[in-house]
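# Notes for the structure review
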Amino acid sequence: MSASSYFLVAAFVALVASQATAFDPSPLQDFCVADMHSPGLHMTQWAMAVNADDFFKAAELDKPRDTMASKVGSNVTLINVMKIPGLNTMGISLARIDYAPSGENPPHTHPRATEILTVLEGKLYVGFVTSNPNQLFTKELNEGDVFVFPEGLIHFQFNPLTITRHAAVAIAALSSQNPGAITIANAVFGSKPQISDDVLAKAFQVEKGTIDWLQAQFWDNNHYKF
Ligand SMILES: *[C@@H]1O[C@H](CO)[C@@H](O)[C@H](O)[C@H]1NC(C)=O
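Residues numbered from 1 in each chain as written. Predicted model: local features only at pLDDT ≥ 70, side-chain atom pairs only at ≥ 80, totals over all residues. Heavy atoms only, no water.

The name given to the protein in an unreviewed UniProt entry is Germin-like protein, with the source organism recorded as Panicum virgatum. What UniProt states about the protein under its Subcellular location (unreviewed entry) heading is, verbatim, "Secreted, Extracellular space, Apoplast". In its Sequence similarities (unreviewed entry) section, the UniProt entry covering the protein states "Belongs to the germin family." (UniProt positions renumbered as here; feature names shortened; annotations may be inferred.)

Shown next as structure tokens:
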């Protein structure tokens, strides 16, 4: 091989390797506090104007949440960059999740984050499903146990009466300042405007009437808006 072909091969290998490991770039500065008054969180404040409160949220995660307001019997309190501007560019966020007896955080995905969850109170049955061909991984968690839901995969947490008759509480950390959440049933049956029932009847292999009934249900999510 000539020197130039060696160079081309080396450049190609470097390109492939860099794409295979491509991810969020590391921050270029100590912090980049989000300007909450700017639409879209693109602007940043100068360090001079930053203070400790930009990295702080007062007593938010110590309170038990109302789990009866949501049909699924759970309540997610997410602390992301919208709640703490100093999280901007930091690639991390935190959530408290309260579960009623027989409540669940229904199957959902975070398009931008891996999640690590620990049970503070009670017991949970948790699981996630891999990309096609869809292998299910599940675990029964006791207080203090820790479980990981890999980025983008559909996962759930359930507080079944067969395991406990008590409420449960978990804390989760997520590897994005803004992990996003797509609740599967809500996204499929409760989108606005609705997905055509022809599309869903074919996808789910049921009668259109079954889809129409599902679409007529009330699909509110279990995230606490505060
Ligand atoms: C979550 O809990 C808060 C406070 O207890 C309550 O105001 C809110 O309605 C609940 N949200 C959901 C979605 O259940």
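Okay, back to it.
## Notes on the sheet that holds strand β4 (residues 115-121)
Pairing is antiparallel across the open sheet formed by 5 strands, whose spatial order is β1-β2-β9-β4-β7. Sheet topology places β1 (74-79) and β7 (146-149) at the edges, where each strand pairs with a single neighbour. Pairwise comparison of adjacent strand axes, ignoring direction, gives a mean angle of 20° for this sheet. Two elements, β1 and strand β2 (residues 93-99), share 6 bridges in a ladder whose sense is antiparallel. In the sheet register, L78 faces β2, and the bridge partner there is A95. (Pairing = 2+ DSSP bridges. Helix = DSSP H or I, 4+ residues; strand = E, 2+ residues; numbered from the N terminus. Axes fitted to C-alpha atoms, helices over the stretch in contact; angles between N-to-C directions.)

## Let's talk about the environment of S70
Take S70: it is sitting in the loop between α1 (3-20) and β1. S70 gets classed as buried once you look at its relative accessible area, which sits at 15%. Measuring from C-alpha to C-alpha, the distance between S70 and G103 comes to 9.3 Å, with 33 residues separating the pair along the chain. (Buried < 20%, exposed > 50% of the residue type's maximum accessible area, 1.4 Å probe, protein only.)

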